[in-house]
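Residues per chain, in single letters:
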Amino acid sequence: MNQRAEEAVLSASPEVPAPAEEAKNPLLAALGERVRNLRARRGLTRKAVALAADVSERHLANLEYGIGNASILVLQQVASALQCSLAELVGDVTTISPEWLLIRELLEDRSEADLRRARIALGELLGTAAGDPARHRRIALIGLRGAGKSTLGQMLADDLDMPFIELSREIEKIAGCSVREIHDLYGTNAYRRYERRALEETVQIYGEVVIATPGGIVSDPATFNQLLAHCTTVWLQAAPEEHMGRVAAQGDTRPMAASKEAMDDLRRILSGRAAFYSKADLSVDTGGQDLAQSFARLRTAVREAMAQAD
């Protein structure tokens, strides 16, 4: 901010008087403070920002005072007027300090390959990279329900003479209730905590093991980072129709109750998670394969990876 702009901000009297004190929503209060700070950092008066954002000064003042519940479109206009991203305006963690912003700037518009190299390099720098010497002896199967993780995982464990762990069962042991009850009683956040703890305990106990993971384990970045760091991961792939058919073949016909809607949901889930599943060390496509063929592919891929690591 140049001196003239700074003086304009410091000397400008509020165009709209502050409203009487009243109970404020913490989220709106924090949002208002960020708007004021960003406006000050840019050296802009409230009048100038209101004009650039095409909103009234009163509306902007209410937003800054933490009593204006602005629409997402208005927030986008204000962000544009303040020359920042909407993420920065609403408090994205990557905007909370200069270092975060500088790091984000370095990573912006990079390819997936560049981002992967940056993630690995950062992990090595911070000591969280895949440096576990037992990593190649822990095999974790990831993928959607119906991928064959339990069946193929048990077969692989028997073939490798290793223990077999279904992480969902470990989660239930820790929680003392079923996965469904965890979600119903405590919510998704609690389930993710149990999931992370179950993975941590499994990694601590077993130096070699085959693990069948829940399909949504990739949804929590911290847990997925732990999995990538301590296990050789294998994505068991299949088409959405095959996932659905295998679940139904297991006796669970609930997804077929509204088959078209269920299939659409499944496609969206797979599409949303595919980019995370693809971070696995190995990928085995079980599409169009019977059990024996799928196991042969999995066994070959895993044994080759283990041989290279030894």
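Residues numbered from 1 in each chain as written. Predicted model: local features only at pLDDT ≥ 70, side-chain atom pairs only at ≥ 80, totals over all residues. Heavy atoms only, no water.

Draft legend 1. Quick look at the overall build of the protein chain. Each helix and strand in the protein chain was counted, giving 16 helices and five strands. Across the 310 residues of the protein chain, 38% fall into the buried class. Once local pairs closer than 6 in sequence are excluded, the contacts in the protein chain between residues at least 24 apart make up 72%. By element, 53% of the accessible surface of the protein chain is carried by carbon and sulfur atoms, the whole surface being about 17,500 Å². (Helix = DSSP H or I, 4+ residues; strand = E, 2+ residues; numbered from the N terminus. Buried < 20%, exposed > 50% of the residue type's maximum accessible area, 1.4 Å probe, protein only. Contact = heavy atoms within 4.5 Å. Areas by Shrake-Rupley, 256 points an atom, 1.4 Å probe, with all protein chains shown as cover.)

Draft legend 2. Representation of the pattern of salt bridges in the model. All chains considered together, the criterion is met by 13 salt bridges. For Arg137, the salt bridge goes to Glu208, with nearest N and O atoms at 3.0 Å. Of this pair, Arg137 sits in the loop between α8 (112-126) and β1 (138-142) while Glu208 sits in the loop between α12 (188-205) and β3 (209-212), and the two are 71 residues apart along the sequence. Among the charged side chains, a salt-bridge network with shared partners connects Arg39, Arg46 and Glu64. (Salt bridge = Lys/Arg side-chain N within 4 Å of Asp/Glu carboxyl O.)

Draft legend 3. Molecular detail of a nonpolar patch on the surface. Together, Val93, Ile96 and Trp100 make up a nonpolar patch on the protein surface, roughly 300 Å² of accessible area in all. Its location among the elements puts Trp100 in helix α7 (residues 98-107). (Patch = residues over 30% accessible without salt bridge, like charges linked within 9 Å, V, L, I, M, F, W, Y side chains within 5 Å.)

Draft legend 4. Focus on the packing of aromatic side chains. Counted by the stated rule, this structure contains one aromatic pair. For the ring pair Trp235 and Tyr277, a centre distance of 5.6 Å and an interplane angle of 35° mean the geometry is tilted. Highlighted residues: Trp235 in strand β4 (residues 232-237) and Tyr277 in helix α15 (residues 259-277), separated in sequence by 42 residues. No difference in accessibility class separates Trp235 from Tyr277, as the two residues are buried. (Phe/Tyr/Trp six-rings, centres within 6.5 Å; stacked < 30°, edge-to-face > 60°.)

Draft legend 5. Representation of the environment of Leu115 in the model. Inspection of the secondary structure assignment puts Leu115 in helix α8. In this structure Leu115 comes out as partly exposed when scored by relative accessible area, which is 29%. Those residues in contact with Leu115 that sit more than four places away from it in its chain are Leu107 and Arg110.

Draft legend 6. Local environment of the pairing of β4. Burial of β4 is extensive: five of the six residues sit out of reach of the surface. Of the strand pairs in this sheet, β1 and β4 are connected by four bridges, and their pairing is parallel. Residue Ala140 lies in a different strand from β4, and its bridge partner there is Thr233. Relative to strand β5 (residues 282-285), β4 runs parallel, the two sharing four bridges. In the sheet register, Gln237 faces β5, and the bridge partner there is Asp285. (Pairing = 2+ DSSP bridges.)

Draft legend 7. Representation of the confidence of the model for the protein chain. Per-residue pLDDT for the protein chain averages 83, and the proportion of residues at 70 or more is 87%. Predicted confidence in the protein chain is weakest over helix α1 (residues 3-11), with a mean pLDDT of 35, and strongest over β3, with 98. This stretch, residues 1-17, has a pLDDT under 50; its non-local contacts, to residues over four places away or in other chains, come to 25 contacts. (pLDDT = per-residue confidence, 0-100.)

Draft legend 8. Inspection of the nonpolar core at higher detail. Ile142, Leu167, Ile182, Ile211, Phe224, Leu227 and Tyr277 are the most contacted members of the largest nonpolar core, which has 30 residues in total. Broken down by secondary-structure element, the contributors of at least two residues to this core are β1, α10 (167-175), α11 (179-186), α12, β3, α13 (221-230) and α15. Per element, the largest residue contribution to this core is five residues, and it comes from α15. When residues no more than four places from it in sequence are discounted, the contact partners of Ile211 are Ile139, Ala140, Leu141, Ile165, Leu167, Thr202 and Cys231. (Core = buried A, V, L, I, M, F, W, Y, C linked by side-chain atoms within 4.5 Å.)

Draft legend 9. View of α7. Counted residue by residue, α7 has zero buried out of ten residues, so it is predominantly exposed. Looking one or two residues beyond α7, the residue adopting positive phi is Asp109, at roughly 65°.

Draft legend 10. Unusual backbone geometry, seen in detail. In the Ramachandran plot, Asp54 falls in the positive-phi region, its phi being about 60° despite a non-glycine side chain. Turning to its location among the elements, Asp54 is positioned in the loop between α3 (46-53) and α4 (57-64). Of the residues examined, Asp54 reaches a relative accessible area of 67% and is grouped as exposed.

Draft legend 11. Broad picture of the sheet that holds β1. Taken in spatial order, the five strands line up as β2-β3-β1-β4-β5 in an open sheet, and their pairing is parallel. A single partner strand is all that each edge strand has here, and the edge strands are β2 (164-166) and β5. Each adjacent strand pair in this sheet contributes to an overall mean axis angle of 20°, direction not counted. Direction of pairing for β1 relative to β3: parallel, over a ladder of four bridges. Within the sheet, the bridge partner assigned to Ala140 lies in β3 and is Ile211. Where α13 meets the sheet, its contacts fall on β1 and β4, and the angle it forms with β1 comes to roughly 140°. (Axes fitted to C-alpha atoms, helices over the stretch in contact; angles between N-to-C directions.)

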